[in-house]
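# A look at the structure
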Amino acid sequence: MINIKEDKRLNTLNHSCAHLLAQAVKHIYKDAKLWVGPVIEEGFYYDIDFDGYTLTDEDLEKITKEMKKLAKDGKRIYREELSKEEALERFKDNPYKIDIIENLSEDETISCYTQGDFTDLCRGPHVDSVKECKNFKLLKFSGSYYKGDSKNKVLQRIYGICFDSKEDLEAHLKELEEAKERDHRKLGKELGIFLIDDLVGKGLPMYLPNGFIMWNELENYIRNKEIKRGYLHVLTPPLGNVELYKTSGHWQHYQDSMFPKMEVEGEEFVIRPMNCPHHMVIYGNEIHSYRDLPVRIAEIARDARFETSGSLKGIERVRTFCQNDSHIFCTPEQIETEFKGVVDLILEVYREMGITNYKFELSLRDPEDKVKYHPDDKMWNMAEDKLRDVLNDLKIPYVEKIGEAAFYGPKLDVQVKPAVGNEFTLSTCQLDFCLPAKFNLTYVDKDGSKKTPVVLHRAVFGSIDRTMAYYLEETKGVLPLWLAPNQVNIIPVNNEYHLEYAKEILKKLKEENFRVSLDSRDEKLSYKMRESQIKKIPYTLILGDKEQNEKTISYRKYSSKETTTLSLEDFIKELKEKIENKK
């Protein structure tokens, strides 16, 4: 979805449309006091004091009608520069504008823009004429505290969007509607996946029974993949001593993203934001020979990071999350092989899960600015070349990001473009020369000397929470059979005649470890069928006289009107094949 704020033309157009909105408001509500109307990623808004009046949908229609009339009139927009005294006089009847002016520095240029009978305080820039703002849509309104402070007055915030053409506007509105239907927060509520309650805390999701099934399937899926590839799974505590994070360096560099420390019996603890320090301690618990390496330590680990409330979004951006984390301890000579293994695993998972819209980014150090990186030219050059070689050998297209490497080494990020919204990092693999040295980690080399291992930090599912959000939005909640919380819903046509047969089928399917429900409510068949579709259940079984007499089952797949009849054995075979192949 386009970012209006970052597009120069659309930024200017939307800001001008915010002024058109303000002008229309002043025409209809003479006593309304305007505050500010900035451009945002999604378009624009204007905060307005209606003196206690709360807007309705009818008000939005009135304002829209007046805006269209003004746009058709097509007044030109003029810029004017003012002294501070002139500005204070010009806007003397608006305390909100007066506050802005009084807080400007003495040497700051003050400007205003005029269109017809309306003038507003503004830095600009603007389009030439209000006629250019005709392709707009007012989207919604809400209450908003003045200056974002709950102690202040509640203003009315009106949101809108504007494009150069009617076609672009309609395409965007269609995309917004699609985004609303795909929003994992909406789907999560409808499908009983997760719950967030302020009483528990913002950004602290609770997974409901359906959500836990989905979670558990993803966790088992990735853990089994890792076990087959020689990963050793561990379990570590969700908090640690502050000294642990001082040793790792996270306390010095990452403290702002951590929850505050707590003191118990003279010791200071903190909820962990990542798992690296714990895994370093586990590796250091034993003496290792070069023959032992690589050592691949993995954990499905619960972490917590402080995110501002404004950045939280369902289970996509949270304050507590679960990482599919691993740390691979290896020799410098093993970097290429281990990195290739990680890339292979990522590609295998993406193939099986149907993730196709992604790109690889290789983050490297800036050779012109070496001060902020670990000082070892030989190691950097060797590591970067090895990562490049792997991607080239696998014929994977990638983009090099100079200066984007971490302090401790180069990294690979896999950027995923979801069905709606901006792309984000789903998988990552980071090379680290520094952390093992901070924990004095070693291995005994062939010549008997002690060497420091290199560590690859990697996560295939950056977090299980985010992967769930991504998958819900990609599929519109129509989850594949292996992930669906309820795989089969059984509906007897008539409880009096067919319920016992339905219970028999239920028992046999449960014995095969399928997730099955039986709808035996005294409701019409059509009602129960429709509800099964609303819940997006992959298979709905309809069992009547024919099925009972012939010992068969009939089913409809989600969103299909076609009914298929077959033996229970063949049905079980079909389900198992689809689950096994992740179809």
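Relevant structure appears above.
Quick look at the structure, then. This is a predicted model, so every value here is computed, not measured. (Residues numbered from 1 in each chain as written. Predicted model: local features only at pLDDT ≥ 70, side-chain atom pairs only at ≥ 80, totals over all residues. Heavy atoms only, no water.)

Turning our eyes to something else, we now look at the pattern of salt bridges. Should their charged atoms come close, side chains of opposite charge can pair. A complete count under the given rule lists 48 salt bridges for this structure. As a salt-bridge pair, glutamate 226 and arginine 458 come within 2.7 Å of each other at their nearest N and O atoms. With a gap of 232 residues between them, glutamate 226 in helix H7 (residues 209-228) and arginine 458 in strand S23 (residues 454-459) connect regions that are remote in the sequence. For glutamate 226, a relative accessible area of 0% puts it in the buried group. Residue classification places arginine 458 among the buried positions, given a relative accessible area of 1%. Through salt bridges with shared partners, a single ionic network connects Lys225, Arg229, Glu348 and Glu352. (Salt bridge = Lys/Arg side-chain N within 4 Å of Asp/Glu carboxyl O. Helix = DSSP H or I, 4+ residues; strand = E, 2+ residues; numbered from the N terminus. Buried < 20%, exposed > 50% of the residue type's maximum accessible area, 1.4 Å probe, protein only.)

A word on the pairing of strand S8 (residues 154-162). Burial runs high along S8: 8 of the 9 residues are buried. Bridging between strand S3 (residues 43-49) and S8 involves 5 bridges; their strand directions are antiparallel. Bridged to isoleucine 48 within S8 is glutamine 156. Two elements, strand S7 (residues 136-145) and S8, share 9 bridges in a ladder whose sense is antiparallel. The partner of lysine 140 across the bridge, within S8, is tyrosine 159. (Pairing = 2+ DSSP bridges.)

To continue, consider unusual backbone geometry. In the segment running from glycine 124 into proline 125, the intervening peptide bond is cis, with an omega of -5 degrees. Leucine 293 connects to proline 294 through a cis peptide bond whose omega is 5 degrees. Its identity as a non-glycine residue notwithstanding, glutamate 265 has a phi of 50 degrees, on the positive side. Mapped onto the elements, glutamate 265 comes out in the loop between strand S13 (262-264) and strand S14 (267-271). Even without a glycine there, the phi angle at asparagine 513 is positive, about 70 degrees. With respect to the helices and strands, the residue asparagine 513 is situated in the loop between helix H15 (495-511) and strand S25 (516-518).

In spatial order, the strands read S4-S5-S6; together these 3 strands make up an open sheet with antiparallel pairing. Strands with a single pairing partner mark the edges of an open sheet, and in this sheet they are strand S4 (77-82) and strand S6 (118-121). Neighbour-to-neighbour, the strand axes of this sheet turn through a mean angle of 25 degrees, independent of strand direction. As paired elements, S4 and strand S5 (residues 110-115) share 6 bridges and run antiparallel to each other. (Axes fitted to C-alpha atoms, helices over the stretch in contact; angles between N-to-C directions.)

What follows concerns the packing of H15 against helix H18 (residues 568-580). Orientation of H15 relative to H18, taken along the N-to-C sense of each, is 40 degrees, at an axis distance of 12 Å. Relative to H18, the element H15 lies oblique. Between H15 and H18 lies a crossing whose hand is right-handed. Along its contact with H15, which presents Ile505, Lys508 and Leu509, the element H18 presents Leu568, Phe571 and Ile572. Of the residues in the contact of H15 with H18, the class split is 5 nonpolar, no polar and 1 charged. (Parallel < 35°, antiparallel > 145°, perpendicular 65-115°, else oblique. Left-handed = near helix turned anticlockwise from the far one by under 90°. Contact = heavy atoms within 4.5 Å. Nonpolar A, V, L, I, M, F, W, Y, C, P; charged D, E, K, R; others polar.)

The quantities given are spatial measurements derived from coordinates; they are silent on function.
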